[in-house]
Amino acid sequence: MAESTAPLTEKATHQLWESILIDNGYIFAMDDGLNRYYVHSSQESLLPKFIEVDFCVLRDKLNKHLHLDGFEPR
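Scoring rules and cut-offs
- In every chain, residue numbers begin from 1 and rise along the written sequence.
- It should be noted that, the model being predicted, local features are given only for residues of pLDDT at least 70 and side-chain atom pairs only at 80 or more, the latter also being counted only at that level, while totals for whole chains, interfaces and linings use all residues.
- Each side-chain value is worked out from all heavy atoms of the structure, with water and hydrogens disregarded.
- Paired strands are those between which DSSP finds at least two bridges.
- The helix and strand labels rest on DSSP assignments: H or I over at least four residues marks a helix, E over at least two residues marks a strand, and numbering proceeds from the N terminus.
- Working definition: with a 1.4 Å probe on protein chains only, accessible area under 20% of the residue-type maximum means buried, over 50% means exposed, and in between means partly exposed.
- Contacts are assigned to residue pairs that have any heavy atoms within 4.5 Å of one another.
- Aromatic pairs are defined between Phe, Tyr and Trp rings, using the six-membered ring for Trp, whenever the two ring centres lie within 6.5 Å; interplanar angles under 30 degrees are classed as stacked, those over 60 as edge-to-face, and all others as tilted.
- Confidence scores here are pLDDT values: one per residue, from the predictor, ranging 0 to 100.

Participant: Looking at this structure, how should I read the pairing of strand 2 (residues 26-31)?
Facilitator: The side chains of a regular strand alternate between both faces of the sheet. As paired strands, strand 2 and strand 3 (residues 35-40) are joined by 5 bridges and run antiparallel to one another. Residue Ile27 lies in a different strand from strand 3, and its bridge partner there is Val39. Between the end of strand 2 and the start of strand 3, which pair antiparallel, lie 3 residues, with Gly33 showing a positive phi angle near 95 degrees.

Participant: Would you mind showing me how to read the environment of Val39 here?
Facilitator: Relative to the helices and strands, Val39 is located in strand 3. Judged by its relative accessible area of 4%, Val39 is buried. Beyond its immediate stretch of four places on either side in the chain, Val39 contacts Gly25, Tyr26, Ile27, Ala29, Glu44, Leu46, Leu47 and Phe50.

Participant: Sorry if this is basic, but what is going on with the packing of aromatic side chains here?
Facilitator: Aromatic rings in a pair are described by how distant their centres are and how their planes are angled relative to each other. Within the structure shown, the criterion is met by 2 aromatic pairs. Between the aromatic rings of Trp17 and Tyr38, the centroid separation amounts to 6.2 Å while the plane-to-plane angle is 70 degrees, which identifies the pairing as edge-to-face. Of this pair, Trp17 sits in the loop between strand 1 (2-3) and helix 1 (18-23) while Tyr38 sits in strand 3, and the two are 21 residues apart along the sequence. We classify Tyr38 as buried; its relative accessible area is 11%. With 5.8 Å between their ring centres and 70 degrees between their planes, Phe28 and Tyr38 make a pair best called edge-to-face. With Phe28 in strand 2 and Tyr38 in strand 3, this residue pair connects regions lying 10 residues apart in the sequence. Under the relative-accessibility criterion, Phe28 is labelled partly exposed at 34%. By way of ring pairs, the aromatic residues Trp17, Phe28 and Tyr38 are connected into one cluster.

Participant: Please clarify how the confidence of the model for the protein chain should be interpreted in this entry.
Facilitator: Close reading of the predicted structure is inappropriate where its pLDDT is low. Summing up the model confidence of the protein chain, the mean pLDDT is 78 and the portion of residues at 70 or higher is 68%. Model confidence for the protein chain, summarised as mean pLDDT per element, is weakest for helix 2 (residues 47-63) at 64 and strongest for helix 1 at 96.

Here it is, written out as structure tokens:
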């Protein structure tokens, strides 16, 4: 997990450092709007677990009417 926004903002910063993780064998797993989660390629079998968590995080944010990177709840 790595915080992926500038402090006290929703401005994404991962484009500045993500290549370091990717170059070292990590695979992007999910983004919850604040943090980005990665799994090392040696543990790639864990990736489906992040899909399940991402859905729960998304639903929780929608239920609380939180901002989702340009997505507005209905």
